[in-house]
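Structural overview
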Amino acid sequence: MAKTALVTGGLGGIGTAICRQLHCDGYTVAATYIHNGVRLQSWLEKQKADGFDSFHGYFCDISQWESCAKLKEAVEADLGGVDILVNNGGITRDATFRKMTAEMWDEVIVTNLSSVFYVSRQFVPDMANRGFGRVVNISSVNAQKGQFGQTNYSAAKAGMHGFTKALAQEVVSKGVTINTISPGYIGTDMVNNIAEEVREKIRAQIPVGRFGTPEEIASVVSFLASENAAFITGANIAANGGQHMY
Ligand code: CAA
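Computed from a predicted structure; not experimentally measured.

**Quick look at the state of the cysteines**
Applying the stated criterion across every chain, the model contains zero disulfides. A disulfide-free cysteine, cysteine 24 has its sulfur positioned 11 Å from the sulfur of cysteine 19, the nearest such atom. According to the relative accessible area criterion, cysteine 24 is exposed, its value standing at 56%. Cysteine cysteine 68 is unpaired, with the sulfur of cysteine 60 as its nearest cysteine sulfur at 4.0 Å.

Here's what the structure looks like:
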């Protein structure tokens, strides 16, 4: 029976590429979304037109524990358990520190970091009981190096590394691995929304000479989700075009 993969923020730039890659790898793929169902419908239609006709979409506000509990019930009822969890959903609320409000701080910490606990807590215990599981957390180069204008985002994404290393120790003996990927700047809406002159300065700092593609992140997820990655846990894989080497 095909394994089931759940991708949070699955309708976004990197999320869509991850869903498609995992579909090609033979998984049953479920994606969570936060915006209204109209967006889900048009996303599903687009995927179908491109030959990906079997995705499952679930509303989930990953920043709310109750919403994550409902997600688990719904996914279990439809698909059974989850074997692969990709914590990909996240937001930015960029501002210099002196302009950052408590609301901007809280929103990013809860959506990008608390959500990783909320969603993983639903699915990881069952993975451990079944003796197999893969969790892949999508962090950021800015967790590793810090970024001007992102005290909130850098803190939340760095928190994912600590979470990953701690949980990895608790579940490794049960066949569950948990790893982090730290993408650099990927050509998605999130990066395209940065003011052009700032964006071009950032691009100039990337030795590869370009932004990454969502597919270049999806291929790392694919590897970490596979049986071949059984010996890798608590690790972080950087994919940033050489922007930060650590
Ligand atoms: N280093 C040092 N100083 C800098 C700087 C930098 N990188 N960038 C700007 N400054 C300076 C400016 O020269 C200016 O100085 P003066 O006041 O002396 O003229 C000052 O900082 C501007 O401060 P403001 O508070 O007025 O800044 P702003 O409101 O115009 O813009 C910002 C702030 C929105 C955060 C903007 O700098 C920005 O968009 N930065 C990029 C943030 C970024 O990289 N976000 C990543 C989003 S994508 C993502 O997060 C995905 C991922 O994982 C990689």
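Read on, since the account is not over.
**Focus on helix 6 (residues 151-171)**
An ideal rise of 1.5 Å per residue puts 30 Å on 21 residues; helix 6 measures up with 31 Å between its terminal C-alpha atoms. Residues of helix 6 that are buried include every one of Asn152, Tyr153, Ser154, Ala156, Lys157, Met160, His161, Thr164, Leu167, Ala168 and Val171, and no others.

**Side note on the packing of aromatic side chains**
Working definition: an aromatic ring pair is given by the centre-to-centre distance plus the angle between the planes. Tallied over the full model, the rule gives seven aromatic pairs. Between the aromatic rings of tryptophan 65 and phenylalanine 117, the centroid separation amounts to 6.1 Å while the plane-to-plane angle is 25°, which identifies the pairing as stacked. Remark: phenylalanine 117 occurs in helix 4 (residues 102-130) and tryptophan 65 occurs in helix 3 (residues 65-79); sequence separation between them is 52 residues. The partly exposed category is assigned to tryptophan 65, whose relative accessible area is 33%. When the centroid spacing of 6.0 Å and the interplanar angle of 80° are considered together, the rings of tryptophan 65 and tyrosine 118 count as edge-to-face.

**Details of the packing of helix 3 against helix 4**
When two helices pack together, their arrangement is given by the angle between the helix axes and by the axis-to-axis distance. Packing of helix 3 against helix 4 leaves a shortest axis separation of 8 Å and a crossing angle of 35°. As helix 3 runs across helix 4, the sense of the crossing is right-handed. Where helix 3 abuts helix 4, its residues Trp65, Cys68, Ala69, Leu71, Lys72 and Glu76 lie against Phe117, Tyr118, Val119, Arg121, Gln122, Phe123 and Asp126. Residue composition of the contact of helix 3 with helix 4, by class: eight nonpolar, one polar and four charged.

So, how was this worked out
Residues numbered from 1 in each chain as written. Predicted model: local features only at pLDDT ≥ 70, side-chain atom pairs only at ≥ 80, totals over all residues. Heavy atoms only, no water. Disulfide = S-S within 2.5 Å. Buried < 20%, exposed > 50% of the residue type's maximum accessible area, 1.4 Å probe, protein only. Helix = DSSP H or I, 4+ residues; strand = E, 2+ residues; numbered from the N terminus. Expected span 1.5 Å × (residues − 1). Phe/Tyr/Trp six-rings, centres within 6.5 Å; stacked < 30°, edge-to-face > 60°. Axes fitted to C-alpha atoms, helices over the stretch in contact; angles between N-to-C directions. Left-handed = near helix turned anticlockwise from the far one by under 90°. Contact = heavy atoms within 4.5 Å. Nonpolar A, V, L, I, M, F, W, Y, C, P; charged D, E, K, R; others polar.

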